[in-house]
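# Observations on the model geometry
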Number of protein chains: 2
Amino acid sequence: MPSVTRKAQNSRAARRDELRNQLLEVVERLIDEGESFTEISVERIVAEAHISRTTFYVYFADKGDMLSAWFADIAAEVAAGVSGWWEMGPQSTREDLRTAIESAVNAYRPHIALMAASFHAAAYDPTVHELTDAFMASNVASLCKHVIAGQKAGFVDPSLPAADVAVWLLWMAERGFHVMMRDVDDAELQRQIDAYTAIVWNTLYAPTHRT
Amino acid sequence: MPSVTRKAQNSRAARRDELRNQLLEVVERLIDEGESFTEISVERIVAEAHISRTTFYVYFADKGDMLSAWFADIAAEVAAGVSGWWEMGPQSTREDLRTAIESAVNAYRPHIALMAASFHAAAYDPTVHELTDAFMASNVASLCKHVIAGQKAGFVDPSLPAADVAVWLLWMAERGFHVMMRDVDDAELQRQIDAYTAIVWNTLYAPTHRT
DNA sequence: CAATGTCCGGACATGCCGTCTGTAACTCGC
DNA sequence: GCGAGTTACAGACGGCATGTCCGGACATTG
C-alpha cells in the first residue's frame, strides 16, 4: 500500500515542520530571556512546549537537527534580502548600498537569536557547521563575483584581492549582527547600519568615486 | 603563623599557574585535533594531563575558570601587539599599518585555538564573557581614541562615526582571526593580513590620502 | 473490527558534573 | 626522627541531561 506510506511520510514531514516552528519559538523566547542555546536542555524545551521528550526524539535526532531543519529556510530568506547588494552598478550611490544593507539586516534581524545560536552550535555540531558554512560560502561567492565585476567595470577599487575581502566583509557582518544588533532600539540599529555601510563603501566603492 | 599561610598561598598560586599551563597545553592539542572546547570534558583533560580530577577541582572551579586564569595573560600580550596601530600618525603609510596589524596577528596567532575557545565559551559562561568583553572594550576604546585623534589631525576620514566603526573593525578582526587564520600556511596568512589591511586602510586612511 | 500512526509516561544505560570522603605521601619546623 | 600541615590521589555520591526503548492510550482509516 504505497499510497498509505506516502501519506504517512507527508504528514510526518508536515508535523516535523510544525513541531520545529513551535519548538524554535520556545527556544527563541528562552534565548531572549538571557539563556544560551548550548545551555538549554531538550528537557527544558519540550517542557515549555508541552510535548514529551519521546516525541521530540521521534522527529529530531537532537537539538542540532532541530536547528538545521530551520536554518535552510531562513538562509534563503536572508540571501534574498542581501541580493540587492549584488545589483550595485557603476551608477549606484552610497544610498543604494545602504538600502541594500538595510534590507539584508531586516531579513536577518527577526531571527538574530537563532542565527547566532546556529553559528555558535556550528562550533561543535558538524551538521550545523556544514549549513552555516554553505550559507557563508554562497554569500561570499556572490559578493566575490560582484567585486570582480565591479573591478572590471571600474566602480570597485581594482587593487583589492576580491576573494579575501569578500570573506572578511561577510564574516564581519555575521559577527556584527550578532554582537551589535541584539537588543538595540531602532536608532541604534540605524547607526550600526550606517557604520557598516561606511566601512563597505569606503573599502569597495569610495576609491573609484573620488570627486 | 602567618608566614606559613603566606607561603602556602604563594605555592598554591604557583601550582595553579603551572597546572593551568599544563592543562591548556592539552586542551590546545585536543582542539587542534579537531575537537571543540565545549565538547572536551574535564575527565578527558585531566586524563591526558595525568592528574586526577579531584586535583583539578582543587585549583579550578570549572573549565571556564581555567580558561579565565589564562585569558588575562594573553590579553595583555595581544594588546601590546596591537599597540603599534594606535601610533599611526599623519605621516604613517599603508606599510606602517600593515606592520602594526601583522604584529597584532603574530601576538594573537599562537593562541588562536584558545582565544576562539574563550570567545565561544563567553556565550554561556558569565565569567569568561566578562573577560572577553573587557578585552574587546579596551581595544575598541583604544581604536576609537585613535580614530578621533586621526580625524582631528586630518588623516582619518572625518565623516566616519568613530565609536561605531571601531567596534565593527575590531569584531571583524576577532572573527576573522578565528575563522580565517586557523590552519593556514604562511602564504595564506600573509594574504589575509593584506586583505584586512586593505579594508582598514580604505576605510580609515585612504579617503584623506587621495593623490 | 483491525491495522496504523501518534503521543505519552516511565524506565534504562551512559556520561559528565561538582562534591566529599579517606588515605598515602611529602615537606617543614622542631 | 616526630608531628603538623599540605598536596595528591582513588573512589564514591547525587544530580542532571542524553538518547533509546517499551507498553499503553487514543484517534484515524480501511
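First, a word on scope: everything that follows refers to the structure included in this document. What you see is a predicted model, and the numbers here were worked out from it, not measured in a lab.

Here the focus is the overall build of chain A. Within chain A, the regular secondary structure consists of nine helices and zero strands. Seen in sequence order, chain A has helices and strands lined up from the N terminus as α-α-α-α-α-α-α-α-α. Overall size of chain A, expressed as C-alpha extent along the three principal axes, is 70 × 45 × 25 Å. The buried share among the 211 residues of chain A stands at 51%. Across chain A, the fraction of contacts at a sequence separation of at least 24, relative to all contacts at a separation of at least 6, is 70%. Entry remark: accessible area of chain A is about 9700 Å², with carbon and sulfur atoms responsible for 52%. Distance from the positive charge centre (19 side chains) to the negative charge centre (29 side chains) of chain A: 4 Å.

What follows covers the protein's contact with DNA strand C. By nearness alone, 18 residues border DNA strand C, and Arg15, Thr55 and Tyr59 of chain A together with Arg53 and Tyr57 of chain B come closest of all. The sugar and phosphate moieties of DNA strand C supply 64% of its atoms located within 4 Å of the protein. One of the side-chain nitrogen or oxygen atoms of Glu43 of chain B is found 3.3 Å away from a phosphate oxygen of DNA strand C. The set of elements that each furnish at least two residues to the surface near DNA strand C consists of helix 1 (2–32) and helix 3 (53–59) of chain A together with helix 2 (42–49) and helix 3 (53–59) of chain B. Among the residues making up the surface near DNA strand C, the classes are represented as four nonpolar, seven polar and seven charged.

This brings us to the interface of chain B and chain A. The partner chain A presents 35 residues to the 37 residues of chain B that form the contact. Of the roughly 3200 Å² buried between chain B and chain A on both sides combined, carbon and sulfur atoms contribute 67%. Where chain B meets chain A, there are four salt bridges. Ionic pairing is found between Asp164 of chain B and Arg191 of chain A, a salt bridge with its closest N-O pair at 2.7 Å. Connecting chain B to chain A are twelve residue pairs in polar contact (both at pLDDT 80 or more). Taken together, the elements giving at least two residues each to the side of chain B that touches chain A come down to helix 6 (112–121), helix 8 (162–180) and helix 9 (186–205) of chain B. For the side of chain B that touches chain A, the residue count by class is 22 nonpolar, eight polar and seven charged.

Cut-offs used in this document
- Residues numbered from 1 in each chain as written.
- Chains lettered and ligands numbered in written order.
- Predicted model: local features only at pLDDT ≥ 70, side-chain atom pairs only at ≥ 80, totals over all residues.
- Heavy atoms only, no water.
- Helix = DSSP H or I, 4+ residues; strand = E, 2+ residues; numbered from the N terminus.
- Buried < 20%, exposed > 50% of the residue type's maximum accessible area, 1.4 Å probe, protein only.
- Contact = heavy atoms within 4.5 Å.
- Areas by Shrake-Rupley, 256 points an atom, 1.4 Å probe, with all protein chains shown as cover.
- Lys, Arg positive; Asp, Glu negative; His and termini not counted.
- Charge placed at Lys NZ, Arg CZ, Asp CG, Glu CD.
- Near = heavy atom within 4 Å.
- Polar contact = N/O pair within 3.5 Å; in protein donor to acceptor, adjacent residues only side chain to side chain.
- Nonpolar A, V, L, I, M, F, W, Y, C, P; charged D, E, K, R; others polar.
- Buried area = accessible area lost by both parts, 1.4 Å probe.
- Salt bridge = Lys/Arg side-chain N within 4 Å of Asp/Glu carboxyl O.

These values are about where atoms sit, not about what they do.
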